[in-house]
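# Architecture at a glance
Listed here are the chains, written in short residue letters.
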Amino acid sequence: MRRTISVKIDAPIDFLQFIETCNRIYNHYIDWCFDKKSYNKNKAHQELYDKLKLEFPTIPTGLIQSIRDNALE
């Protein structure tokens with residue numbers, strides 16, 4: 001027997017904006033994959049990392065790299 005429990009979480013507005021920003025970074029990497037027809041993490045890092053760091057300065061660098069790894073896998 002399985003039971004599902006629904007729990008409402010009152011997420012602060014800042015957290016929701018943070019998640020949307022992470023989603024935008026993820027989509028940049030996915031778009032790159034389709035454009036370049038490649039899943040090479042090193043090439044994606046070389047082409048996108050500096051641009052993304054400038055566009056999203058509040059996101060920690062380690063998180064940008066983790067998002068890249070998830071998007072390209």
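Residues numbered from 1 in each chain as written. Predicted model: local features only at pLDDT ≥ 70, side-chain atom pairs only at ≥ 80, totals over all residues. Heavy atoms only, no water.

Before going further, it helps to examine the overall build of the protein chain. Check the secondary structure of the protein chain and you find 3 helices and 0 strands. Going from the N terminus to the C terminus, the protein chain shows its helices and strands as α-α-α. Radius of gyration (C-alpha) of the protein chain: 15 Å, far over the 11 Å computed for a compact globule of 73 residues. By principal-axis analysis of the C-alpha atoms, the protein chain measures approximately 45 × 35 × 20 Å. In the protein chain, which comprises 73 residues, the share counted as buried stands at 25%. Considering only intrachain contacts with a sequence separation of at least 6, the fraction spanning at least 24 residues in the protein chain is 61%. Here the protein chain has roughly 6000 Å² of accessible surface; of this, 52% comes from carbon and sulfur atoms. Across the protein chain, 11 positive and 10 negative side-chain charges occur, with their mean positions spaced 6 Å apart. (Helix = DSSP H or I, 4+ residues; strand = E, 2+ residues; numbered from the N terminus. Rg over C-alpha atoms; globule rule 2.2 N^0.38 Å. Buried < 20%, exposed > 50% of the residue type's maximum accessible area, 1.4 Å probe, protein only. Contact = heavy atoms within 4.5 Å. Areas by Shrake-Rupley, 256 points an atom, 1.4 Å probe, with all protein chains shown as cover. Lys, Arg positive; Asp, Glu negative; His and termini not counted. Charge placed at Lys NZ, Arg CZ, Asp CG, Glu CD.)

In this model, helix 1 (residues 13-36) (24 residues) spans 35 Å end to end at C-alpha, consistent with the 34 Å of a helix rising 1.5 Å per residue. Elements that come into contact with the buried residues of helix 1 comprise helix 2 (41-55) and helix 3 (61-72). Once helix 1 ends, the next one or two residues include Lys37, with phi positive near 55°. (Expected span 1.5 Å × (residues − 1).)

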